[in-house]
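Overview (structure and organization)
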Amino acid sequence: MAHITDRTVLIVGASSGIGAEVARQLAHGGNRLVLTARRAAELAAVAQDVRAKGSACLDIAADALDPRAAADVVAAAAAEYGSVDIALLNAGQGPDMSMDQVSVADVSRIMALNYDVVLNYLVPLIEQMGGQREGGLIAHTNSLAGLMAIPRQGPYCAAKAAARTLIDAARVELAPRGIRFTSIHPGFVATERISGDDLPKPFQVSQERAARHVVRAMEKEPAQAYFPRTTTALVRTLRALPEPVSSRILRKLAAR
Ligand SMILES: NC(=O)c1ccc[n+]([C@@H]2O[C@H](COP(=O)([O-])OP(=O)(O)OC[C@H]3O[C@@H](n4cnc5c(N)ncnc54)[C@H](OP(=O)(O)O)[C@@H]3O)[C@@H](O)[C@H]2O)c1
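Taking an unreviewed UniProt entry as the reference, the protein chain is identified by name as Short-chain dehydrogenase belonging to Streptomyces graminofaciens.

Here's what the structure looks like:
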């Protein structure tokens, strides 16, 4: 059972995968959950599970690419429950994309899907939490891919790295105001969305296990959290190797 209890928790990207599972795990704690994503029917089904497990839940279909819609979700959460204690910015996706086959628009879209969706919530959440006596926690589902350049994942890696840097700066600036930031870096997680691509997925973990790691990071609030240990060690090793050696290994790992 999660130790996060009696809190208002906003999850952006809660209709499937890791975000939906985090919502279900937090539902045991008598929390007040605000769930958002674009697909209203899938979101409503997750909200129903949450209520059945004993937490209050507001589900709001909204596109995180729209800054006005994101600000409205934060305002609606605060209006319904009085505060936003914790936010998990979890929306994002990283399709297989080789740099010799993309358009500029493709890359910009991946930037928007993984960076703008964070930015659009970050600003209104900082405003909301800055006015709360207890401040608040903003957690972001980043990726181990945000720590290094992985072939066929370049635009996704770049967007996640940008989000991490922005959040790192906000953490330093806003600690005196009680706003905390946690970037969470999963390795491969067996969610439906990525099951169709043919990218190799070493040390893949289940959605349930990934959500347990995410919830633990939201409880402990480290600046950075990484899981699983195996993939984290692989990434750290690749980063420590001389560039020609790591490039050769990465090219092999990503070969079609
Ligand atoms: N699966 C992995 O191996 C893995 C590894 C490392 C990191 N991650 C990260 O983990 C996070 C969750 O991914 P997942 O694997 O659980 O995939 P997922 O099932 O596709 O979850 C993504 C969630 O974000 C929502 N979303 C996407 N774009 C949105 C938008 N514009 N506005 C509002 N909601 C949006 C999706 O809902 P709607 O489509 O209904 O909007 C969905 O609820 C992502 O940030 C991903 O980059 C995943």
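Residues I11, V22, L26, L35 and M218 are the most contacted members of the largest nonpolar core, which totals 33 residues. Elements with a contribution of two residues or more to this core: β1 (8-12), α1 (17-26), β2 (32-37), α2 (40-52), β4 (86-89), β5 (136-141), α6 (207-220) and β7 (224-227). At six residues, the largest contribution of residues to this core is made by α6. Counting 29 residues, the second-largest nonpolar core is a separate cluster that includes V34, V84, A91 and A170.

The local shell around the ligand holds 28 residues, among which S16, R38, R39, Y156 and R193 are the closest. Separating an oxygen atom of the ligand from a side-chain N or O atom of R39 is a distance of 2.7 Å. Here Y156 contributes a side-chain N or O atom positioned 2.6 Å from an oxygen atom of the ligand. In isolation the ligand has 870 Å² of accessible area, and contact with the protein removes 96% of it. Only α1 and α5 (154-174) provide two or more residues apiece to the shell around the ligand.

Relative to the helices and strands, D100 is located in the loop between β4 and α4 (104-130). Looking at D100, the relative accessible area reads 67%, which means it is exposed. It is 50 Å that separates the C-alpha atoms of D100 and R133, two residues lying 33 residues apart in sequence.

A few words on the environment of C57. Mapped onto the fold, C57 is located in strand β3 (residues 56-61). Of the residues examined, C57 reaches a relative accessible area of 9% and is grouped as buried. It is 9.8 Å that separates the C-alpha atoms of C57 and L10, two residues lying 47 residues apart in sequence. The residues contacting C57, other than those within four sequence positions of it, are L33, L35, A47, V50, R51 and Y81.

A separate point is the sheet that holds β7. The strand order across the open sheet formed by seven strands is β3-β2-β1-β4-β5-β6-β7, and the pairing between neighbours is parallel. Unpaired on one side and paired on the other, β3 and β7 mark the two borders of the sheet. Averaged over all adjacent pairs, the angle separating strand axes in this sheet is 15°, with direction ignored. Where β2 meets β3, six bridges bridge the pair, whose relative direction is parallel. By the bridge assignment, A37 is partnered in β3 with A61. In this fold helix α3 (residues 67-81) packs onto β1, β2 and β3, with an angle of close to 155° to the strand it touches most, β3.

Attention now goes to a positive patch on the surface. A cluster of like positive charges, contributed by R38, R39, R109 and R193, occupies part of the molecular surface. Looking at where R38 falls in the secondary structure, it is placed in the loop between β2 and α2.

A few words now on the packing of α1 against α2. For the pair α1 and α2, the least separation of the axes is 8 Å and the interaxial angle reads 15°. The angle between α1 and α2 falls in the class roughly parallel. Here the hand of the crossing between α1 and α2 comes out right-handed. Contacts from A20, A23 and R24 in α1 reach V46, D49 and V50 in α2. Within the contact of α1 with α2, the residues separate by chemical class into four nonpolar, no polar and two charged.

Rules used in this analysis
- Residues numbered from 1 in each chain as written.
- Predicted model: local features only at pLDDT ≥ 70, side-chain atom pairs only at ≥ 80, totals over all residues.
- Heavy atoms only, no water.
- Core = buried A, V, L, I, M, F, W, Y, C linked by side-chain atoms within 4.5 Å.
- Buried < 20%, exposed > 50% of the residue type's maximum accessible area, 1.4 Å probe, protein only.
- Helix = DSSP H or I, 4+ residues; strand = E, 2+ residues; numbered from the N terminus.
- Near = heavy atom within 4 Å.
- Polar contact = N/O pair within 3.5 Å; in protein donor to acceptor, adjacent residues only side chain to side chain.
- Areas by Shrake-Rupley, 256 points an atom, 1.4 Å probe, with all protein chains shown as cover.
- Contact = heavy atoms within 4.5 Å.
- Pairing = 2+ DSSP bridges.
- Axes fitted to C-alpha atoms, helices over the stretch in contact; angles between N-to-C directions.
- Patch = residues over 30% accessible without salt bridge, like charges linked within 9 Å, V, L, I, M, F, W, Y side chains within 5 Å.
- Salt bridge = Lys/Arg side-chain N within 4 Å of Asp/Glu carboxyl O.
- Lys, Arg positive; Asp, Glu negative; His and termini not counted.
- Charge placed at Lys NZ, Arg CZ, Asp CG, Glu CD.
- Parallel < 35°, antiparallel > 145°, perpendicular 65-115°, else oblique.
- Left-handed = near helix turned anticlockwise from the far one by under 90°.
- Nonpolar A, V, L, I, M, F, W, Y, C, P; charged D, E, K, R; others polar.

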